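# Structure at a glance
Each chain, letter by letter, is given below.
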Amino acid sequence: MLGPLLLTASRSDRLRRIVAASPLTRSTVDRFVAGEGLEDCLTAVRSLTAAGLDVTLDHLGEDVTDRAAATATRDAYLRLLDELAPLGLGGRAEVSVKLSAFGQALGEGGHDIALEGARRVAEAATAIGTTVNLDMEDHTTVDSTLAILDELRRDHPGTSPVIQSYLFRSEDDCRRLAAPGSRVRLVKGAYKEPAHVAFQDKAEVDRAYVRCLRILMEGGGHPMIGSHDPRLIEITRDLARRTGREAGSYEFQMLYGIRTAEQHRLVGEGERVRVYVPYGTDWYGYYMRRLAERPANLLFFLRSFVPG
Ligand code: FAD
């Protein structure tokens, strides 16, 4: 019940202003966000990669409403890639972009504006030996995002999409994307979706995840298991054994600040693990989705408003 309410709240500008203005929110946001500045992000990159983890970096922001903001997003990623270059991490440090922050929803020309911005970022990523991941947002954006993926992959084949198991269409998308060389992140899905496009029941979403996972693990691509769910992690490792996949031919991905001990445990057992590291000032939507995933996080957040 709380989850859907929080997801609705994640799209409210009024609440965004109230929550973001409270100094008390800050301490709870820090658990999920590496910091507001580029230097904070780079500090996290250095420490995570030194511990054997790979990273994918998200300059926070989504749903921009004008072209200047879309350009600012693109430029923020270009600065990030500039700063990553001297670290020499190559594909160990990739970037994750939300196309809505590149202008995807700017009416008529939005798709092309987002494509051009993402193309510039993909060129800069390729130049330093790394790749771009296209995060997946609500279901209305999937066709446009996958079309942009196809365009970018012509010159930048390492570009990856995210497939959300809660969408009915995703098994078909996985079949199409499970080709040699294709990197695909599989997640359950974090948006509030209507019943005509997505499973509403958690157990059904989990079962759909396993069906998609099987397609990707049995295919020739590089599956990226974006989940903290212990059961799905075990199923992945079991499928890897059964399909004869070596560690490194697939990878686990988890969010910054969530199940950190598990991230280290898997690396210790020889698995490849990539941490999704968000940074920047526009953390509201991202943060609210993390609260929605786990009611206990909301209690933690509300407690920060109680004095003493
Ligand atoms: P759950 O069943 O939700 O959680 C399993 C366990 O993980 C929980 O019991 C708890 O221990 C822990 N856990 C999960 N979430 C939290 C949390 N917020 N706080 C504390 N503990 C938690 N979604 C999209 O729609 N589009 C994307 O592009 C996208 N990219 C992602 C990238 C990565 C690397 C990851 C890990 C997730 C991404 N997601 C994305 C979010 C995803 O869709 C899920 O909402 C999220 O991962 C929670 O699902 P779960 O698989 O971890 O399983």
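The preceding data block contains the structure.
Since the model is a prediction, treat every value here as computed from it, not as a measurement.

Cut-offs and rules
Residues numbered from 1 in each chain as written. Predicted model: local features only at pLDDT ≥ 70, side-chain atom pairs only at ≥ 80, totals over all residues. Helix = DSSP H or I, 4+ residues; strand = E, 2+ residues; numbered from the N terminus. Buried ≥ 20, exposed ≤ 12 C-beta atoms within 10 Å, placed from the backbone. Expected span 1.5 Å × (residues − 1). Arc of directions from axis to C-beta. Contact = placed C-beta atoms within 7 Å. Near = placed C-beta within 6 Å. Nonpolar A, V, L, I, M, F, W, Y, C, P; charged D, E, K, R; others polar. Domains from an automatic or database assignment.

A separate point is the overall build of the protein chain. When its secondary structure is counted, the protein chain shows 13 helices and 8 strands. Seen along its three principal axes, the alpha-carbon backbone of the protein chain occupies a region of about 55 × 45 × 40 Å. Counting the 308 residues in the protein chain, one finds 44% classified as buried.

Another point: helix 6 (residues 110–127). In this model, helix 6 (18 residues) spans 26 Å end to end at C-alpha, consistent with the 26 Å of a helix rising 1.5 Å per residue. Within the span of helix 6, buried status applies to Gly 110, His 111, Ile 113, Ala 114, Gly 117, Ala 118, Val 121, Ala 122, Ala 124 and Ala 125. Summarising the axial view, the buried residues of helix 6 lie within an arc of 165°, below the 170-degree limit, and thus occupy one face. Elements in contact with the buried residues of helix 6: helix 5 (67–84), strand 2 (93–97), strand 3 (132–134) and helix 7 (142–155). Looking one or two residues past helix 6, Gly 129 carries a phi angle of roughly 80°, positive in sign.

This part takes up the site of the ligand. By nearness alone, 23 residues border the ligand, and Asp 135, Val 187, Gly 226, Ser 227 and His 228 come closest of all. When residues of the shell around the ligand are traced back to their parent elements, those giving at least two are strand 4 (160–164), strand 7 (251–255) and helix 12 (284–293). Counting residues per element, the shell around the ligand draws most heavily on strand 7, at 3 residues. When its residues are assigned to classes, the shell around the ligand shows 9 nonpolar, 7 polar and 7 charged. Two domains each donate at least three residues to the shell around the ligand, and these are domain 1 (1–32 + 283–308) and domain 2 (38–279).

Relative to the helices and strands, Asp 173 is located in helix 8 (residues 170–177). Taking the number of C-beta atoms within 10 Å as the measure of exposure, Asp 173 has 19 and is therefore partly exposed.

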